[in-house]
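What the coordinates show
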Amino acid sequence: MESVVLVRYGEIGLKGKNRPAFENRLVQNLRRALGPEVEASVRREHGRIVVDFKGREAPRQAIDRLRSVFGVVSISPAKAVPLSLDEALAAARVLVEEKLRAAKGQLTFKVETKRSNKQFPFTSPELNGRFGGYLLRAFPRLAVDVHAPDFVLHVEVREKAIYLYTEILPGPGGLPVGSSSEGLLLLSGGIDSPVAGWLAMKRGIRLRAIHFHSFPFTSDRSKEKVIDLAGVLSRYSFEPIPVYVVNFTPVQTAIRQHVPPAMTITVMRRMMLRIASRIASQHGIPALITGESVGQVASQTLESMAAINEVTSMPILRPLVAMDKGEIVELAQQIGTYDLSVLPYPDCCTLFVPDRPETRPRIERVRAAEADMPIDELVDEAVATVDVVEPVLEPSLSL
Ligand code: ATP
Ligand code: MG
């Protein structure tokens, strides 16, 4: 009897000819999630993935990691036995013993058999009866309830083995990170942009991040907070997300000198996009990602977005565009970025918010407002002095 984990995936099954590439990517990411020190084989098998812990029980921590990998719809820790009814009954007994040990009093159950191997000499209803009868005789605390059982014993008779399990644990869904190219996330210390990055990763995008830092107006601590946020996001791809830290002080200073207060936010965003686009194209990254959401603040009206967007031809993904703040906050809490985001270190933008920002900037007026700024020189300087910082990954499992 082997202990394995069955990994199910959904959407990547729909990718036609690309399907093997997606499946291989998921296998690779599951492998990475376990880390180099965990002895296990990860293999594709007829529309799902089997993680085999080489004779050992699947460790709980490993199960938790596997079920957080994007692309995974659900997982089940399972027993695998050869095509023998006796061995399958013995494995069922072990699984049910575990269930009973964790509970008090009577437990109700039912058996659900799927037999894709039509050579196996019992039909599914026959197998349900055999397993049910055997378990009822073995454990007096068990009773059958086919409508609302406390647990279901799943039995799958496949080509080469029988799999048995009682748990189906949901995963995050989505697509495996790396299957949809790369994106450069504009990562502030706020609540929104880390969530936007997480949602982009969920669609298979591998992330790198860029952060605009205005030392000494903003402290080193605010920069570290952003690196820490990149670290939390890295938990979902199991590889460090590099952060390009841009010294934004010369740009901020130039904006203060040359741009009327009502336009500073718009011009600042345009400068961010110019610099981000340049760095993205230098690294062959085809898209930018931001945490903007329509109407949330002055710079996020459609008119502002249009005025900001004008400076780049690169696609800008805004995964939060239609979400309410409350929904974003809830997601931030779930993914573990919220507590860091609300730490009170000022961001470059909170510092320079004018009293009455323009909410409907006209493009010609924005162009006029920044006309006196040495834009190309500022972008060149920012790009030339960028610093790359990698967050420290959580230690890999050593089991
Ligand atoms: P967030 O919570 O992500 O900071 P926000 O609601 O505060 O978002 P803005 O401050 O208007 O919104 O910023 C809009 C987007 O611009 C952010 O989501 C982020 O993608 C990007 N951005 C803002 N400030 C920075 C910064 N200092 N470095 C990198 N990106 C930034
Ligand atoms: Mg912000």
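Relevant structure appears above.
First things first, this report covers the structure right here in the doc. (Residues numbered from 1 in each chain as written. Chains lettered and ligands numbered in written order. Predicted model: local features only at pLDDT ≥ 70, side-chain atom pairs only at ≥ 80, totals over all residues. Heavy atoms only, no water.)

Here the focus is the environment of Leu 393. For Leu 393, the position within the fold is in the segment after strand 15 (387-389). Classification of Leu 393 by relative accessible area gives partly exposed; the value is 32%. Setting aside residues no more than four positions away along its own chain, Leu 393 makes contact with Ser 234, Phe 238, Glu 239 and Pro 240. (Helix = DSSP H or I, 4+ residues; strand = E, 2+ residues; numbered from the N terminus. Buried < 20%, exposed > 50% of the residue type's maximum accessible area, 1.4 Å probe, protein only. Contact = heavy atoms within 4.5 Å.)

The subject of this paragraph is the pattern of salt bridges. In the structure shown here, the tally under the stated rule is 23 salt bridges. The salt bridge involving Glu 57 is made with Lys 79; its shortest N-O contact spans 3.0 Å. Of this pair, Glu 57 sits in the loop between strand 3 (48-52) and helix 2 (60-66) while Lys 79 sits in strand 4 (residues 72-81), and the two are 22 residues apart along the sequence. The partly exposed category is assigned to Glu 57, whose relative accessible area is 47%. (Salt bridge = Lys/Arg side-chain N within 4 Å of Asp/Glu carboxyl O.)

Glancing now at the packing of helix 5 (residues 192-202) against helix 10 (residues 325-335). Relative orientation of the contacting elements helix 5 and helix 10 amounts to 70°, with a least axis distance of 9 Å. The orientation of helix 5 relative to helix 10 falls into the category roughly perpendicular. Where helix 5 approaches helix 10, its residues Asp 192, Pro 194, Val 195, Trp 198 and Leu 199 are matched on the opposing element by Lys 325, Ile 328, Leu 331, Ala 332 and Ile 335. Taken together, the residues of the contact of helix 5 with helix 10 break down into eight nonpolar, no polar and two charged. (Axes fitted to C-alpha atoms, helices over the stretch in contact; angles between N-to-C directions. Parallel < 35°, antiparallel > 145°, perpendicular 65-115°, else oblique. Nonpolar A, V, L, I, M, F, W, Y, C, P; charged D, E, K, R; others polar.)

On to unusual backbone geometry, then. The residue after Phe 215, namely Pro 216, is reached through a cis peptide bond having omega 0°. Structurally, Pro 216 is set in the loop between strand 11 (206-213) and helix 6 (220-234). Positive phi, normally seen in glycine, also occurs at His 46, with a value near 45°. Structurally, His 46 is set in the loop between strand 2 (41-45) and strand 3. Unusually for a residue other than glycine, Ser 181 sits at a positive phi of about 65°. Counting through the fold element by element, Ser 181 comes out in the loop between strand 9 (169-170) and strand 10 (182-186).

Our focus in this paragraph is the packing of helix 8 (residues 264-282) against helix 9 (residues 302-309). The interhelical angle for the contact between helix 8 and helix 9, taken along N-to-C directions, is 45°, at an axis separation of 8 Å. Between helix 8 and helix 9, the interaxial angle falls into the category oblique. When the axes of helix 8 and helix 9 are compared, the crossing they make is right-handed. Taken together, the residues of helix 9 that come into contact with helix 8 (itself represented by Thr 266, Arg 269, Arg 270 and Leu 273) are Ala 307, Ile 308 and Asn 309. Partitioning the contact of helix 8 with helix 9 into residue classes produces three nonpolar, two polar and two charged. (Left-handed = near helix turned anticlockwise from the far one by under 90°.)

Turning next to the packing of aromatic side chains. All told, the structure shown has six aromatic pairs when counted by the stated rule. Here Phe 70 and Trp 198 contribute two aromatic rings whose centre-to-centre distance is 5.3 Å and whose plane-to-plane angle is 70°, an arrangement assigned as edge-to-face. With Phe 70 in the loop between helix 2 and strand 4 and Trp 198 in helix 5, this pair connects stretches of sequence that are 128 residues apart. Accessibility classification places Phe 70 together with Trp 198 in one group, the buried group. A centroid spacing of 5.9 Å and a plane angle of 50° characterise the contact between Phe 120 and Phe 122, whose relative ring orientation is tilted. (Phe/Tyr/Trp six-rings, centres within 6.5 Å; stacked < 30°, edge-to-face > 60°.)

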